Amino acid sequence: GPEEPPPAFYGGGEIVAFPLAGGGAGGTMAALGTDSWWKKTLYLTGGALLAAAYLLHELLAIRKEQELDSKDAIILHQFSRPTNGVPSLSPFCLKMETYLRMADLPYQNYFDGKLSPQGKMPWIEYNHKKVSGTEFIIDFLEEKLGVNLNKHLGPHERAVSRAVTKMVEEHLYWTLAYCQWVENLHETQKMVSLFGPFSDLLKWILCHLTKGIVKREMYGHGIGRFSEEEMYTLMEKDMRTLASLLGDKKYIMGPTVSTVDATVFGHLAQAMWTLPGTRPERLIKGELINLAMYCERIRRKFWPEWHHDDDNTLYESEESSEASKTYSPLQDFSFYSRTETFDEEGNSISQTPDTDYTGHSLFDSDVDMDDYRDHEQCK
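Quantities reported herein were computed from a predicted structural model and do not represent experimental measurements. (Residues numbered from 1 in each chain as written. Predicted model: local features only at pLDDT ≥ 70, side-chain atom pairs only at ≥ 80, totals over all residues. Heavy atoms only, no water.)

Q: What exactly am I supposed to notice about the environment of Gln-118 here?
A: Positionally, Gln-118 belongs in the loop between β2 (107-110) and β3 (123-126). A C-alpha to C-alpha distance of 8.8 Å links Gln-118 and Gly-133, two positions 15 residues apart in sequence. Separated by 2.7 Å, the side chains of Gln-118 and Ser-132 make a polar contact. (Helix = DSSP H or I, 4+ residues; strand = E, 2+ residues; numbered from the N terminus. Polar contact = N/O pair within 3.5 Å; in protein donor to acceptor, adjacent residues only side chain to side chain.)

Q: What is the right way to read the nonpolar core from this model?
A: Side chains of nonpolar character tend, in soluble globular proteins, to be buried together. Grouped together as the largest cluster of nonpolar side chains are 76 residues, with contacts concentrated most on Tyr-99 and Leu-141. By residue number, the principal contributor to this core is helix α5 (residues 155-183), which donates twelve residues. Contact partners of Tyr-99, with chain neighbours within four places excluded, come to Ile-138, Leu-141, Glu-142, Val-147, Leu-149, Thr-259 and Ala-262. Residues Phe-79, Cys-93, Leu-115 and Trp-123 belong to the second largest nonpolar core, which totals five residues. (Core = buried A, V, L, I, M, F, W, Y, C linked by side-chain atoms within 4.5 Å. Buried < 20%, exposed > 50% of the residue type's maximum accessible area, 1.4 Å probe, protein only. Contact = heavy atoms within 4.5 Å.)

Q: I tried to follow the pattern of salt bridges on my own but got confused; where do I start?
A: Pairing between side chains of opposite charge can happen when their charged atoms approach one another. Tallying each qualifying case throughout the model produces 14 salt bridges. As a salt-bridge pair, Arg-101 and Glu-305 come within 2.8 Å of each other at their nearest N and O atoms. Placement of the pair is Arg-101 in helix α3 (residues 91-102) and Glu-305 in the loop between α11 (289-302) and α12 (318-324), with a sequence separation of 204 residues. Taking the relative accessible area as the measure of exposure, Arg-101 reaches 3% and is therefore buried. The partner of Glu-229 in a salt bridge is Arg-279, and the shortest N-O contact between them spans 3.0 Å. Separated by 50 residues along the polypeptide, Glu-229 in helix α8 (residues 228-246) and Arg-279 in helix α10 (residues 279-284) bring together distant segments of the chain. Overall, Arg-279 belongs to the partly exposed group, its relative accessible area being 23%. Among the charged side chains, a salt-bridge network with shared partners connects Lys-95, Glu-135, Arg-162, Lys-166 and Glu-169. (Salt bridge = Lys/Arg side-chain N within 4 Å of Asp/Glu carboxyl O.)

In C-alpha cells, the structure reads:
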C-alpha cells in the first residue's frame, strides 16, 4: 500500500546469534584457542558488552510495554521527528497527528520505529487494540469515541472529499515521494534524525535503502514507469486541481475543517517545508500561493508550537510573526490535547474556532495576491 513502505531495518530490535564451534564455555574457548591472549580478552569483552546491551534492550522493552499499558489513551506510533523542525517526513504520520489535533483527541506519541503487524506506519493502540492504516484508524476512532469531522458535510460533499483523498494518497503521494527520496535525497538525508558515532553512515544507508524501495514500489504502482518530466507533469496537475478546488475558501470543503484537510495538509506540508529548491516547493510558494496560505493557516491553528526558522513572513502579519518566535519546540514524548493549552505562567489560554494560539484571526495569513506578485517580480 502507499502508506510508508518500511525501510529495511526500521522495525525489530532483534539480535541474531551465531554459535561458535563446540558447546558451552569450553567450546567458546576452544574456538578462541588459536588466538593470542589479547584477542581472547577482546572477544570475551565484546561478548559481555553485547550480552549487557541485549539485557538492557529487554529491560527497556519491558518498560515500554508498561508505559504503553494505559487505559483509554491513544498511543500514536510514528517515525522520529526530523531535524528541520517539521513534525514528520511522512505525509501519513503528519496526517494522522494533525487529525488527532483537529478532532481534539488527547494522544501520546511513541517514536519507537516499530511497525504495525501489517507493516504499516503510523498506527495506534487504544485499550490494547492495535489499528493501522490512517483510514481504518479514523473509522475506529469515530466508532469508539464518537468524533466526526465530516458531520457538517452532505452526501455529495462526502463523496468529493473521498475522491480528493484518494487522488492525494494514491497519486500525488508517489510524485512527492519521488522528489523526496530520489531526486532530493541529499537534502532529505540531512533531515533524518539519527544520533550516535555512526549516525552519518546509518543515515546514508537508510536513505539509499528507502530510495530503492520507493523506486521499486513506484514501478510496481505504474507511475514509476514514466520519465521524470512526465511524473512532474502529473504532480503539477494534482496540485493545480487542489488549488482550483480550494479557491479562496478557508478549507478544502468550506469554512469548517474536515478530515480531508488533514490528508491534504499532511502531503502539501512536505512540498512546503521539506523539499527546498524543488519544483513542488516553487509551485506551491509561487503560482499556487493559495495552497501555501492554506498550509500556514492549518499549521498556526493546530500546530502552535511548530515554528520554522525559514518561514516566509509574507504569509503572516507582523504581530503573529513576532509571536511565533516564542513557540516551544515540538514535544517528542508527551500527552497532547489542544483544549489544554497553557501560557508560560500556567494559565489556560482560551481558543475560539477562528483564532489561533496567538489570538489573531486565522485570516491574518491571507495576503493580498497583487502584493505577493509584486514581491516576486522584485526578486
